[in-house]
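Structural characterization, general
Given next are the chains, with one letter for each unit.
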Amino acid sequence: MEENIKKTCLWEDHVKLGAKMSPFAGFDMPIQYEGITEEHMAVRQQVGMFDVSHMGEIFISGEDAVKFINHIFTNDVKDLEAGKILYGMMCYPDGGVVDDLLVYKYQDKFLLVVNAANIEKDHAWILQNATEYDVVITNDSDKWGQIALQGPASEDFLKILNISNESLETLKDLSFYTFTDIEGMIISRTGYTGEDGFEIYATPEKTQSLWNDFLHAGVRPCGLGCRDTLRFEAGLPLYGDELSKDISPIMAGLSMFCKLDKYEFIGKDALTEQKNNGVRQKLIGIELADRAIPRAGYPVELEDGTEVGVVTTGYHSISLDKSICFALVNTEHSKLETPLWIHIRKKTFAGKVVKKRFYQTNYKK
């Protein structure tokens, strides 16, 4: 294992369970336990749990908290009610993405949940842009563990939290993208799988206890391998693949999370120009007619072999039994049903442009 690689509070549990471990975002993380297919289908059909303690938690409070969040965040928190969550991006002035994140609204503060690989970069970016605002910024990433309980039966396992009946009903009443605090835990109805589920933030010690309680109750542990296949089928982007400093929210088809009518935010001018005048490349979905598997980095071509883009994520879908991918292609070839070919090793395979949400998501309204 690399010298400087980090471990989550559940690392020893993963090793004891025989997980296949691998470096990810600076952490030694479980990629799979029994197998990606088995874990993927457990989440689609019943319930599974993920260690996502590597994610970052940055709290922002102070007199100018609302104004400051709106300055660095593409979505609009001005009228956001306590207990609600918004998805959006932090952008550079040129419209490139610093990170995509969730913003949790409390009565008197905000929680920013950021990607593990970007914690230090995001924290530095936030501090750099806060000099003219009356805010308190606290990076508490090392103080929290996090379990994602995901799948259509996830609600049935909330009783494992050992909380009062009143608190249990409060959790069951949560709608998608809302949260509450219960007995020192932050529990949100969110996830990254396309299924109903909850994300549970707690102290590292409490996270260890909950992990083992869920395990003994029959919840299947799942690795990052199936977390990627699940999020991909549901049309959810991954920072570094479908969003980056070179792939803007407009290019990625996420303009609905960029409130261009806000007074100002970092990147607004560039994103407004892209929205109004178009972008050179767009992120699309492609479905292949063959079972060949498109992988990240494979060229996307026209029938005559002209290269017009590149695959960003690709799999043979476990849920749909189809070979599908995300690809960043020249905009003129991004319309639905456009025929495109993927160059896989020494052959090309025919496909067509389809909607990026390959799988019908099952969130609680």
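Rules behind the numbers
Residues numbered from 1 in each chain as written. Predicted model: local features only at pLDDT ≥ 70, side-chain atom pairs only at ≥ 80, totals over all residues. Heavy atoms only, no water. Helix = DSSP H or I, 4+ residues; strand = E, 2+ residues; numbered from the N terminus. Rg over C-alpha atoms; globule rule 2.2 N^0.38 Å. Buried < 20%, exposed > 50% of the residue type's maximum accessible area, 1.4 Å probe, protein only. Contact = heavy atoms within 4.5 Å. Areas by Shrake-Rupley, 256 points an atom, 1.4 Å probe, with all protein chains shown as cover. Polar contact = N/O pair within 3.5 Å; in protein donor to acceptor, adjacent residues only side chain to side chain. Salt bridge = Lys/Arg side-chain N within 4 Å of Asp/Glu carboxyl O. Phe/Tyr/Trp six-rings, centres within 6.5 Å; stacked < 30°, edge-to-face > 60°. Lys NZ or Arg CZ within 6 Å of the ring centre and 35° of its normal. Core = buried A, V, L, I, M, F, W, Y, C linked by side-chain atoms within 4.5 Å. Pairing = 2+ DSSP bridges. Expected span 1.5 Å × (residues − 1). Arc of directions from axis to C-beta. Axes fitted to C-alpha atoms, helices over the stretch in contact; angles between N-to-C directions.

A separate point is the overall build of the protein. Within the protein one finds eight helices and 19 strands. Its C-alpha atoms give the protein a radius of gyration of 21 Å, near enough to 21 Å, the size a compact globule of 365 residues would have. Here the protein, with 365 residues, has 57% of them falling under the buried criterion. Counting only contacts in the protein whose residues sit at least 6 apart along the sequence, the fraction spanning at least 24 positions is 66%. In the structure as shown, the protein presents an accessible area of about 16,400 Å², 47% of it carried by carbon and sulfur atoms.

Within the secondary structure layout, S141 lies in the loop between β8 (136-139) and β9 (145-150). When its relative accessible area of 8% is taken as the criterion, S141 is described as buried. In terms of polar contacts, S141 uses its side chain to reach the side chain of N139, at 2.6 Å.

Moving on, we come to the pattern of salt bridges. What the rule picks out here adds up to 14 salt bridges. The closest approach of N and O atoms between R189 and D196, which form a salt bridge, is 2.7 Å. Here R231 makes a salt bridge to D228, at a shortest N to O gap of 2.8 Å. One end of the pair, R231, and the other, D228, are both in helix α7 (residues 224-233), three residues apart, so they sit about a helical turn from each other. When its relative accessible area of 0% is taken as the criterion, R231 is described as buried.

What follows concerns the packing of aromatic side chains. By convention here, two paired aromatic rings are described through the distance between centres and the angle between planes. Scanning the model with the defined rule gives 14 aromatic pairs in all. Ring centres 3.9 Å apart and planes at 10° place the aromatic pair F176 and Y363 in the stacked group. In this pair, F176 is assigned in the loop between α5 (165-172) and β10 (179-182) and Y363 in the segment after β19 (347-354), connecting sequence segments 187 residues apart. Since its relative accessible area comes to 17%, Y363 is described here as buried. An aromatic cluster is built from F59, Y104, Y106, W144, F179 and Y201, whose rings are joined through pairwise contacts. Taking the ring centre of F110 as reference, the NZ or CZ of K105 above it sits at 5.6 Å. Positioned over the ring face of F157 is K159, at 5.6 Å from the centre of the ring.

Right, let's talk about the nonpolar core for a bit. Formed by 41 residues in total, the largest nonpolar core has its most connected members in F50, M89, Y104, L111, V113, I186 and L243. The greatest single-element share of this core, amounting to four residues, is contributed by strand β5 (residues 85-91). What L243 contacts, discounting residues up to four positions off in sequence, is Y87, M89, V97, D100, P237, L238, S248, P249, A252 and L254. Membership of the second largest hydrophobic core comes to 27 residues, among which are L149, I160, I182 and I187.

Because side chains alternate across strand β3 (residues 48-51), one face comprises the buried residues G48 and F50, and the other comprises M49 and D51, equally buried. Direction of pairing for β3 relative to β9: antiparallel, over a ladder of four bridges. Each bridged residue has a counterpart across the sheet, and for F50 the counterpart in β9 is A148. Direction of pairing for β3 relative to strand β13 (residues 220-222): parallel, over a ladder of three bridges. If you follow G48 over to β13, its bridge partner there is R220.

This part is about helix α6 (residues 204-216). End to end, α6 covers 19 Å across 13 residues, agreeing with the expected 18 Å (1.5 Å per residue, within 8%). Buried residues of α6: T207, L210, W211 and F214, and no others. Each buried residue of α6 lies within a common arc of 105° when the element is viewed along its axis, so the set occupies one face. Exposed and facing more than 90 degrees away from the buried side of α6 are E205 and H216. Taken together, the buried residues of α6 touch α1 (11-16), β3, β9, β11 (185-188), β12 (197-202) and β13.

Turning our eyes to something else, we now look at the sheet that holds β8. Hydrogen bonds along the backbone pair up the strands of a sheet, which may run parallel or antiparallel. In spatial order, the strands read β5-β6-β7-β4-β8; together these five strands make up an open sheet with antiparallel pairing. Only two strands of the sheet have a single neighbouring strand rather than two, namely β5 and β8. If you compare each strand with its neighbour and ignore which way they point, the axes differ by 25° on average. The pairing of strand β6 (residues 97-105) with strand β7 (residues 109-114) spans four bridges and is classified as antiparallel. Within the sheet, the bridge partner assigned to L102 lies in β7 and is V113.

Here six strands make up a closed barrel; going around it, the order is β14-β17-β16-β15-β18-β19 and the pairing antiparallel. Averaged over all neighbouring strand pairs, the angle between strand axes comes to 45°, with direction disregarded. With two bridges joining them, strand β15 (residues 299-301) and strand β18 (residues 339-344) adopt antiparallel strand pairing. Directly across from E301, in β18, lies its bridge partner W341.

Interpretation note: all reported values are geometric properties and have no functional meaning in isolation.
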